[in-house]
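Working through the structure, step by step
Take a look at the letters that make up each chain.
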Amino acid sequence: MIIPSVKPLIVIGVAAVAFVLILLSDRRPNLREFWSVLAGVIILLIVSSMLPSVLSGNSLELTLAEFFPGISLRLRVDALALMFALTASFLWILTTMYSIGYMRSLNEHSQTRFFACFAGAVSATMGAAFSANLLTLYFFYEIITMITYPLVSHKDTSEALAGGKKYIAYLLGTSKAFLLPAIILTYIIAGTLEFTAGGILHGGDSTLLTVVYVLFIAGFAKAAIMPLHNWLPSAMVAPTPVSALLHAVAVVKVGVFSILRVILFVFGTGTLKTLGLGMPTAYFVSFTIVVASVIALTKDNLKARLAYSTISQLSYIVLGAALLTPSGITGGIVHITNHAFAKITLFFCAGSIYAVAHKSNISEMAGIGRKLPFTMTAFSIGVLGMIGAPPAGGFATKWYLAIGAMEAGSMAVLLVLLSSTVLNAAYFLPIVYTAFFKSPEDGHHGHIGNDHGHGEEIKENPYIAVPLVISAIGSLALGFYPDILLSFVRRIL
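This write-up is about the structure you can find in this document. (Residues numbered from 1 in each chain as written. Predicted model: local features only at pLDDT ≥ 70, side-chain atom pairs only at ≥ 80, totals over all residues. Heavy atoms only, no water.)

Points about the environment of Ala405
Structurally, Ala405 can be placed in helix α17 (residues 394-407). Relative accessible area serves as the criterion here: at 0%, Ala405 is assigned to the buried category. Sequence-wise, Ala405 and Trp35 are 370 residues apart; in three dimensions their C-alpha atoms are separated by 46 Å. (Helix = DSSP H or I, 4+ residues; strand = E, 2+ residues; numbered from the N terminus. Buried < 20%, exposed > 50% of the residue type's maximum accessible area, 1.4 Å probe, protein only.)

Structure below.
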């Protein structure tokens, strides 16, 4: 049953108001950061208040504007939207707390711009999550790109500006060249852009439908499927809280979330089976899963290794949906949240190491686990989530994807999953080993030289450590209680 509600608009509006209040509090950093945290808490409470209704099988809806029949700006909160919104709103609070400690400890410049754009990004992300149709999704998708550009190029160095330029060129270029034509063709074929269970594209010319499908996959370049992935490693020039936001909450997750919407609510599994597009998509993204993992093995810079890990892990979500089987789709959906908690933990840990030890390369981190036990223990939990090992939440992802591959009768996909798991272990476990079991080579015994050559004691920064510990605990909770996510999946399928 559809229930009219202004709650989804209020959620978007709270973050938008926070954007303005943060800008107005430029000269009062404590107040500026208070607005950021307060907005996050309010949003999480409002989103949580929608749980009883949505898990009862209802959806909340609000029409903002209707231009023509089948073309409107409309918000709708269904089970998929709510799961994504809960993940994003909870992790935004943690990321905001983390950002306060990180930005202050490094005395970063332009902090008001940073926190304002952070709030704007979350407002647009909530809009994308709650979009009831392709037009609304496209509107918020583009806003996310524009509002996150200042975050990517935040450092204002030549490298940061170059990374930001590539970021904006890739994402705006693909959305204009591929995504917009796909939306227009969808309306011409179906006469509507509304997300509908079972899809809206039935019958019609198979060649044209295949072209539309390919345009959608290419248009949502935020999903970082190869070869449209190169913007993501370049965006790693951003401060670590931005990297965490990009990889776990906003940009890339909106990309794969949008592809899920297209597969499940625009085409539908029935149409994709008829067109024979499921397994080709699965094989296509399998290439990204394996190749990105191999590239990750070659990276000594921790953030670069995490970036290629993200490229690989995102394709698990698309792979699960492309299998077009109940278990495969379940694995893809739950990985949105499982990956978010594990990956944001890893980026938080990378930022913690950089903030207190000024180290960004894995080869320089020998013995760091004994100096930063909370950071590296949390990192180890995040690693379990990425590998898909119990008791972390990523185990449920791999379990359902493997069952989905067998349901689809594809031993090739099952082999990809097994191979990628081995590769995950190969590029993550040496980091843990280096941190806990190797001895520092510099002989400083608890001190490390900073960029200015002075000795500085290595110790946990509580403002940075607390959020990463919470996110690590969250990853474990998803492993021990997988039904938290499965309850949403049962309302989606």
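Anyway, onward from the coordinates.
Remarks on unusual backbone geometry
The omega torsion of the bond from Met226 to Pro227 falls at 10°, within 30 degrees of zero and hence cis. Relative to the helices and strands, Pro227 resides in the loop between α8 (206-219) and α9 (231-234). The omega torsion of the bond from Pro390 to Pro391 falls at 10°, within 30 degrees of zero and hence cis. Mapped onto the elements of the fold, Pro391 is located in the loop between α16 (373-387) and α17. Its identity as a non-glycine residue notwithstanding, Asp156 has a phi of 60°, on the positive side. Relative to the helices and strands, Asp156 is located in the loop between α6 (134-152) and α7 (158-190). You will see that His358, though not glycine, has its phi angle at about 60°, which is positive.

So, the packing of helix α4 (residues 79-105) against helix α11 (residues 251-275)
Direction vectors running N to C along α4 and α11 enclose 170°, while the axes themselves pass 12 Å from each other. Our classification of the angle between α4 and α11 gives roughly antiparallel. Between α4 and α11, the residues in contact are Leu80, Ala81 and Phe84 and Lys253, Val254, Phe257, Arg261 and Phe265, respectively. Grouping the constituent residues of the contact of α4 with α11 by class yields 6 nonpolar, no polar and 2 charged. (Axes fitted to C-alpha atoms, helices over the stretch in contact; angles between N-to-C directions. Parallel < 35°, antiparallel > 145°, perpendicular 65-115°, else oblique. Contact = heavy atoms within 4.5 Å. Nonpolar A, V, L, I, M, F, W, Y, C, P; charged D, E, K, R; others polar.)

A look at α6
Compared with an ideal rise of 1.5 Å per residue, which puts 19 residues at 27 Å, α6 spans 26 Å between its outermost C-alpha atoms and is within 8% of the ideal. Two or three places before Leu135, at the opening of α6, Asn133 has a side-chain oxygen 3.3 Å from that residue's backbone nitrogen. (Expected span 1.5 Å × (residues − 1). Polar contact = N/O pair within 3.5 Å; in protein donor to acceptor, adjacent residues only side chain to side chain.)

Comments concerning the packing of helix α13 (residues 302-322) against helix α18 (residues 411-437)
With their axes 12 Å apart at the nearest point, α13 and α18 run at an angle of 160° to one another. Classified by the interaxial angle, the pair formed by α13 and α18 is roughly antiparallel. Of the two elements, α13 crosses α18, and the hand of that crossing is left-handed. Every residue of α18 that contacts α13 at Leu302, Arg305, Leu306, Ser309, Gln313, Tyr316 and Leu319 is listed here: Val413, Leu417, Ser420, Thr421, Asn424, Tyr427, Phe428 and Ile431. Broken down by class, the residue content of the contact of α13 with α18 amounts to 9 nonpolar, 5 polar and 1 charged. (Left-handed = near helix turned anticlockwise from the far one by under 90°.)

A closer look at the packing of aromatic side chains
The description of two aromatic rings rests on the distance between their centres and on the angle between their planes. The final tally for this structure, using the stated rule, is 16 aromatic pairs. On the basis of an interplanar angle of 15° and a centroid distance of 4.2 Å, the ring pair of Tyr98 and Phe348 is categorised as stacked. Of this pair, Tyr98 sits in helix α4 while Phe348 sits in helix α14 (residues 326-357), and the two are 250 residues apart along the sequence. By relative accessible area, Tyr98 is classed as buried at 0%. Aromatic side chains Tyr427 and Phe428 sit 4.7 Å apart centroid to centroid with 55° between the ring planes, which places their arrangement in the tilted category. Accessibility classification places Tyr427 together with Phe428 in one group, the buried group. An aromatic cluster of at least three residues, connected via ring pairs, comprises Tyr141, Tyr213, Phe216, Phe220 and Phe267. Between the NZ or CZ atom of Lys222 and the centre of the ring of Tyr141, over which it lies, the distance is 3.3 Å. Over the aromatic face of Phe265 sits the side chain of Arg261, whose NZ or CZ is 4.9 Å from the ring centroid. (Phe/Tyr/Trp six-rings, centres within 6.5 Å; stacked < 30°, edge-to-face > 60°. Lys NZ or Arg CZ within 6 Å of the ring centre and 35° of its normal.)

Describing the pattern of salt bridges
Applying the stated rule across the entire model yields 10 salt bridges. The partner of Arg104 in a salt bridge is Glu33, with the nearest N and O atoms 2.7 Å apart. With Arg104 in helix α4 and Glu33 in helix α2 (residues 29-49), this pair connects stretches of sequence that are 71 residues apart. We classify Arg104 as partly exposed; its relative accessible area is 38%. Salt-bridge contacts for Arg261 lead to Asp78; the nearest nitrogen and oxygen are separated by 2.9 Å. Separated by 183 residues along the polypeptide, Arg261 in helix α11 and Asp78 in the loop between β3 (71-77) and α4 bring together distant segments of the chain. Overall, Arg261 belongs to the buried group, its relative accessible area being 1%. Salt bridges linked by common partners bring Glu61, Arg74, Arg76 and Glu194 together as one network. (Salt bridge = Lys/Arg side-chain N within 4 Å of Asp/Glu carboxyl O.)

Digging into α16
With 15 residues, α16 should reach 21 Å at 1.5 Å per residue; the first-to-last C-alpha distance of 21 Å fits that figure. Within α16, 11 of the 15 residues are buried, which leaves the element mostly enclosed by the surrounding structure. Burial in α16 covers these residues: Thr375, Met376, Ala378, Phe379, Ser380, Ile381, Gly382, Val383, Gly385, Met386 and Ile387. Of the surrounding secondary structure, the elements contacted by the buried residues of α16 are α13, α14, α15 (368-371), α17, α18 and α19 (462-480). In the stretch just after α16, Gly388 is the one whose phi turns positive, near 90°.

Here's the deal with the sheet that holds β3
Taken in spatial order, the 3 strands line up as β1-β2-β3 in an open sheet, and their pairing is mixed. In the strand order of this sheet, the two ends are held by β1 (2-4) and β3, each with one partner. Direction aside, neighbouring strands of the sheet carry axes that sit 40° apart on average. With 3 bridges connecting them, β1 and strand β2 (residues 59-68) associate as parallel partners. Residue pairing in the sheet places Ile3 in a bridge with Leu60 of β2. Running over the sheet, helix α1 (residues 7-24) touches β2 and β3 and is turned about 90° from β3. (Pairing = 2+ DSSP bridges.)

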